Amino acid sequence: MAPKKGSAAVYTKEELGDDPFARGPSKPRPPPARKQNIVKSGNAGSNKPEPVPGEPVAPPPLFPVGYKTPISLLTERCQKEKWDRPSVDPKKSSSGEWTASVTLRRKNAKGVAETVYMRPPPPPSPIAVEKASAMEAKHYAALYALYRFANNLQLKLQLPPQTRDYWAELEKEKASSTPNKQWLWSLTPFETAAAAPPPPPPPTSTSQPSSRIPSATATPSSLSPFGSSATSRAATPTNPKSEAHMSKRWLEAAEIRMPTHLRDLVESTIRGMMTRFPSAVANLADSFSDHLAISDVPAAPTPEDISIAHELTSTGFRKGHVLAALSYVHSARTSTSSNGDALLKSFATGPLRLAVLSYLHLHTPEEDLPAAFRSTKPADAAARIATNKDSDALAESWKADQLALETGFPREIVGTAMTQAEGVHGVAVDLMARKLVGWSGDASGLSEDALLAHLSSGVSEGQDELESRRNDEIEGLEGIFGDRFRRVDTGVEILCSETRRRPGVAQDQVILRVLFHERSSYPSPTSDPTPSTPDPFIHLPTFYVYSSTLPSYIRLHLTALIAQQFASPDHEDWLDLAAQGFGGLVGEMANYLMDVYQRVIDNPPDAREVLANFAPKQEKVVSSVLGKKNANQGGRKGRVSRPPATAQAHAALQRHLEANARKKGYAEMLAIREKLPAWSMKDEIVDLIRNNRVVIVSAIGVASRVGAERLEDINDPNSRFLVGYAIRGERKAGRDCRMLFCTTGVILSRLSRGGDPDLDDISHIFIDEVHERSVDSDFLLLELRDILKRNMQIKMSATINQAQFSDYYGGAPCVEIPGYTHPVQDHYLEEILPNLSGYYPSSKPAKKATQAQLDRMRESFMSRGISNERTLMALEALTRAERIDFNLVGATVAYCLSRSAGSPGGVLVFMPGVMEIKQAVDAIRQAAPSSERIEVFPLHANLSSQEQSSVFRPVKAGHRKVVVATNVAETSITIDGIVYVVDCGRVKENTFDPETGIVKLVETWTSKAASRQQSKLMYDTELFTHYTEETVMNPHPTPEIVRIPLEMLCLQIKAMREDEDVKTFLGKALNPPDVRAIDSAWATLRLLGAIEEEGGTAARLTPLGAHLAMIPVDLRLGKMLVLAAIFRCLDPILTVVALLSSKPFFLNPMEKREESKKARSMFYTSRSDLLSDAKAFEACLAAKSRGNSDLRIFAEDNYISLSTFRDVLNLRNDYLTALSDVGFVPFRASPTAPGLNENASNENLLKAIIFAGTGRLVKVKLPPATFDKGLSGAIERDREAREVKFFEKDGRVFLHPGSLLFTETRFGTPHPLFTYFSKHVTSKPFLRDATEVPLYAVLLFGPKVIVDHERGLQSGADGWVLMRAWPRIGVLVNSLRALFDADLEAQIDEPSWAGETSPVVTAMLALLEKDGSLY
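Residues numbered from 1 in each chain as written. Predicted model: local features only at pLDDT ≥ 70, side-chain atom pairs only at ≥ 80, totals over all residues. Heavy atoms only, no water.

### Regarding the environment of Glu-1178
Next, step 1: As for its placement among the helices and strands, Glu-1178 is situated in helix α43 (residues 1169-1185).
Next, step 2: For Glu-1178, a relative accessible area of 35% gives the class partly exposed.
Next, step 3: Measuring from C-alpha to C-alpha, the distance between Glu-1178 and Thr-1135 comes to 8.9 Å, with 43 residues separating the pair along the chain. (Helix = DSSP H or I, 4+ residues; strand = E, 2+ residues; numbered from the N terminus. Buried < 20%, exposed > 50% of the residue type's maximum accessible area, 1.4 Å probe, protein only.)

Structure below.
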């Protein structure tokens, strides 16, 4: 029995079994009333009756005591979901076994009752339920239902032991389910049931013809004398997913449109690209018989092919279209292995049915689609409004519309022909028919030009004689065709299609319409040549094929076929009949149409070719649609070829060394070198390197120091010879360079895109600072271990932790070089603090400590001779502090300087970051003794090379050097004159939580190994206690590879090893990262479109991923930069990317927050925080162009940070250089160059690129609109900001109050979408840097678009973002995306983005500009 009206029950075949008449679920049984006065627990004893002798003993309980039964667990879960109590109904089968079914019920938010019926499948399914007793069957059925909607929970251990095997079988069944069965395991069964398609309607009785079949005997109309004017095809069903059947989520989804002119542009672009692969389309239609089945051909269709063909033809697709689609998809699947085209791959993957449907949507003209797949509401539908001023023009326009509707010619072509024909319909039809066929050459007497010449000559014969011949032919036609023939006001019509109805068979209407208009001279004999008409003009009837059921392109093709017979050798008699002028042609034409129309309908032509003669002649694209390459645009930068290591080269180097040794400067430098610890071990080191491929050693100097030792000046091109260096964006090395100092990133770049994967030009490689365990250094070590197997000549030396790294390289020999020959004196805080007069901690301890911890601290301090209570309390406070005390830093440096008064020695201070360096510099300058003249230098990675080099220069006479640095100044840098080191013991590290995906930069204690590495330098002062070192500091630094996101590392691995499984590869690292971190990185790469969807962690890079791997910036920022270069909106996106990499652009002083917020709001634009800040940056540039004083005043008035402004300027240049290095922009191009910014004012494009970089989507839920009455009608009431809510897939989120969109209440669409760059969780999850996202941005740059051919589009596999749209839009968008990937792939080796714009990019721009709207 079917469920009652209003119920949401859904019964599937699997649930009802093979019997379609099986009853639905029974009514729920009310729970039994609880018996009164029953004690369920306590010490009341048992009231269980004693067993009666002789009677059978009750069976033991089904499950052990202490476990919840499956029915109890099911009931509990239903209660937690606030559903009704479940009903479990047993049923005895014919075999005597018991099974059961479960009914779930609830009331939805609107109070409507909903029901879901669940029944385990019958045998032989492994999850079938057949039990000996009804109760046991009920429990197992309850377990089945419980798993169906709670399979995400770990309930297995709560189950009785004997039921756990069944739970495991359910898990296996879920894992092996095909995509069309995934709905069974939905966690939201009621929503899934509501979204399920309705059951198919019962078949139409064969005794009653369908009213949808066009009738040849229907009541005539002005347009269709022989049938109705219906536009839908016979037997076409209505859309099964009308709004009445859509789920609430689909009804609330945003609607997206594609106007006709945009659709034509996109389709022409896609079809033009497909001409690159003519061999991909093989004609396999002959493998199918007329009944879509065949058995006697070699390449017979599969059962799946036949099933799909039957399904789609019964839906309303034409058989020829379906066979062509199957042919193309099968060809794509067989040829894609040898053809890397992205468009072919899109047809070659995924389910066959969806691929065929996608092809049909792409290639079937819109008017020929079945009604269920046709756009019901064109985006550009418009009505004409008549006025007195243009009433005549409007009348002519309506006539042209009428003629276009009848003939099938496009409205634009009809308008042109009507102008040529001076408004005479018949002449316009003659002109269009001749153009349609393209008569010329041998058929010049039939051509359009011949007709125009004849009309202009004014030659005509007597009207009476012409009418007599016409009447004779008309009478003959009436006698031949009988009821099929009809006279009309404009001429005659002959019904050429079948008139007999066949039940259940689609029946089309085909009419030959002949016009006898005022300028027609048919039938007339051929006229003699004249000076104005040298070729004889052949008088033909004016005709076209009309049909109320066929699409225009098929009607036009039938018209063209008839016309072509006049110039065909098969119908030479037609021309003879025409030349004689006695008629008879119309009958021949009608007979021919009767013969061919059904074949054309079954195998329709290519709609593009039908009107090919009307299109302007264009050169076909054969090899590529990419723009022409700019003559000034280079390709990728390859590696520089090095001179070979020949005997002559070695001799030249020896001569150079000997020449240097004779110079005075060399002897002086040699004396300094001989004092270094490594000098005494030089022979041992050289011998080890000569005899071993891998050697573990200690420190090596920087390039400038080594160059100076060889009497070379790195900064002087005329002086540098053998020594050079290379860092990102800067290289100073001559062609004869034999010793290149470079960063780890530079050598990794050489390995990946530098064309030297085996380091063939390298004989020795020294790796410094590997003990810091950066992610790049660990990756390099992993790569070098494999390179050593391929390149048998290369030798390697590393300054790293000896034992661990020696084992990693198979027992490589080690040699240790002491830092200095003099003893190093380590002084901890316990020794320093008593000597710091005038200093005492001013702040209270931030970290709590137990009494036991306090006692251990005191014991540690006292064991080192501290007894003064004030000092003990100060040490305790500093030990428990969580922040650096900069007064302590200043006092300690002052103590070091005063202790060594009169000595030229300097001080090196280690700080964790740039801000701390600045504060320490200020504190040192304040605390330094007045007697000491000091020069304080900051040293960190953000300084320019020139600023860093100033640290190494000698200071003025009588001055002392104090360097405050990050850990860049450890053993890799030798600073002359430093004798004291002050180490705060703190570092800043990025930490990544793979569970939340959040990265935080945290300050923490350095490791013991890093502290010892610093203390080896000189006299060392530690600003921490022995207790801190022993109890808090880790033995070794935490490797960066296990504490940061791995997206860029995974990208680098895939760029260098395209088929490598990333998990397997990283599992061989020195310290393998957490697998969850790899999965998180992989998910991000997939979200941003950098890797292919299939293949897991062994998947290859997409073309976009290959480009991103070449740009040494953050992955998200890199994607923005790449797209900005491609779409030519570089300047604003450079600013956005630089802003995201900098500190806040606007100052936010505590006392003037409102003023600052108001100043920033003055730049608000485009519903985007980032574009608003970019607008403020442009205003700053304008102020700067007027002078620095104007800039300063402008910045102060608008609370803009000048330091951030300067940072953004510098970063823009850095990012532009990065794009130039990989060939995306011309070398030394300006960021504001017009050629790179043609689309910089396209706001939707800019928002789309920002979204492409973030990959994050937020839905905005607006409150229902409310209206107030006004004099001119209803006025929508303004919403309040608090009524606007934001949601991510995982739940509700909130805009940060500092966002300019925080108070936004009006949006351009009823279903807005937003993206953001960062999220911070405090009291709530707050989003920063928000930007509105156009709908087409989601389709073009978001997750893969899944086309639901019955409801719309889905962005991503999770189904969180739905869009109501004509499915054809999804097919077109997916095809564009595939072609865009092809463009990117073609540009990897030979970039040419500075040339002409690709047609694919042009089409994408057109969609984004107005977000698919008409205006």
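From this point, things continue past the structure.
### Things to note about the environment of Ala-309
Next, step 1: Assignment of secondary structure puts Ala-309 in helix α8 (residues 303-315).
Next, step 2: Remark: the alpha-carbon pair of Ala-309 and Val-356, spanning 47 residues in sequence, is separated by 9.5 Å.

### Some words on the sheet that holds strand β2 (residues 98-107)
Sheet strands associate in pairs through backbone hydrogen bonding, adopting either a parallel or an antiparallel arrangement.
Next, step 1: An order of β1-β2-β3 is seen for the 3 strands of this open sheet, with the pairing classed as antiparallel. A single partner strand is all that each edge strand has here, and the edge strands are β1 (87-92) and β3 (113-118). The mean angle between the axes of side-by-side strands here comes to 20 degrees, regardless of whether they run parallel or antiparallel.
Next, step 2: Pairing between β1 and β2: 6 bridges, direction antiparallel. (Pairing = 2+ DSSP bridges. Axes fitted to C-alpha atoms, helices over the stretch in contact; angles between N-to-C directions.)

### Considerations on the packing of helix α36 (residues 1047-1056) against helix α38 (residues 1075-1087)
Next, step 1: As a packed pair, α36 and α38 sit with axes 8 Å apart at the nearest point and diverge in direction by 75 degrees. Classified by the angle their axes make, α36 and α38 are roughly perpendicular. Between α36, through Glu-1047, Cys-1050, Leu-1051 and Lys-1054, and α38, the contact on the second element is made entirely by Ala-1081, Trp-1082, Thr-1084 and Leu-1085. (Parallel < 35°, antiparallel > 145°, perpendicular 65-115°, else oblique. Contact = heavy atoms within 4.5 Å.)

### Section: unusual backbone geometry
Next, step 1: Going from Pro-123 to Pro-124, the amide bond is cis rather than trans, its omega being 10 degrees.
Next, step 2: Relative to the assigned elements, Pro-124 resides in the loop between β3 and α3 (134-150).
Next, step 3: Note the cis peptide between Tyr-522 and Pro-523, where omega equals -5 degrees.
Next, step 4: For Lys-82, which is not glycine, the phi torsion reads 65 degrees and is therefore positive.
Next, step 5: Following the sequence through the fold, Lys-82 ends up in the loop between α2 (70-80) and β1.
Next, step 6: Positioned with a positive phi, Arg-1167 is a non-glycine residue whose angle comes to about 50 degrees.

### Digging into helix α44 (residues 1188-1197)
Next, step 1: Among the residues of α44, those classed as buried are Leu-1191, Phe-1194 and Ala-1195. Projected onto a plane normal to the axis of α44, the buried residues spread over an arc of 100 degrees and lie on a single side. Projecting away from the buried face of α44 at angles above 90 degrees are the exposed residues Glu-1196 and Asp-1197.
Next, step 2: Looking at the buried positions of α44, the neighbouring elements they touch are α43 and α45 (1202-1221).
Next, step 3: With its phi angle positive at about 55 degrees, Tyr-1199 sits one or two positions after the end of α44. (Arc of directions from axis to C-beta.)

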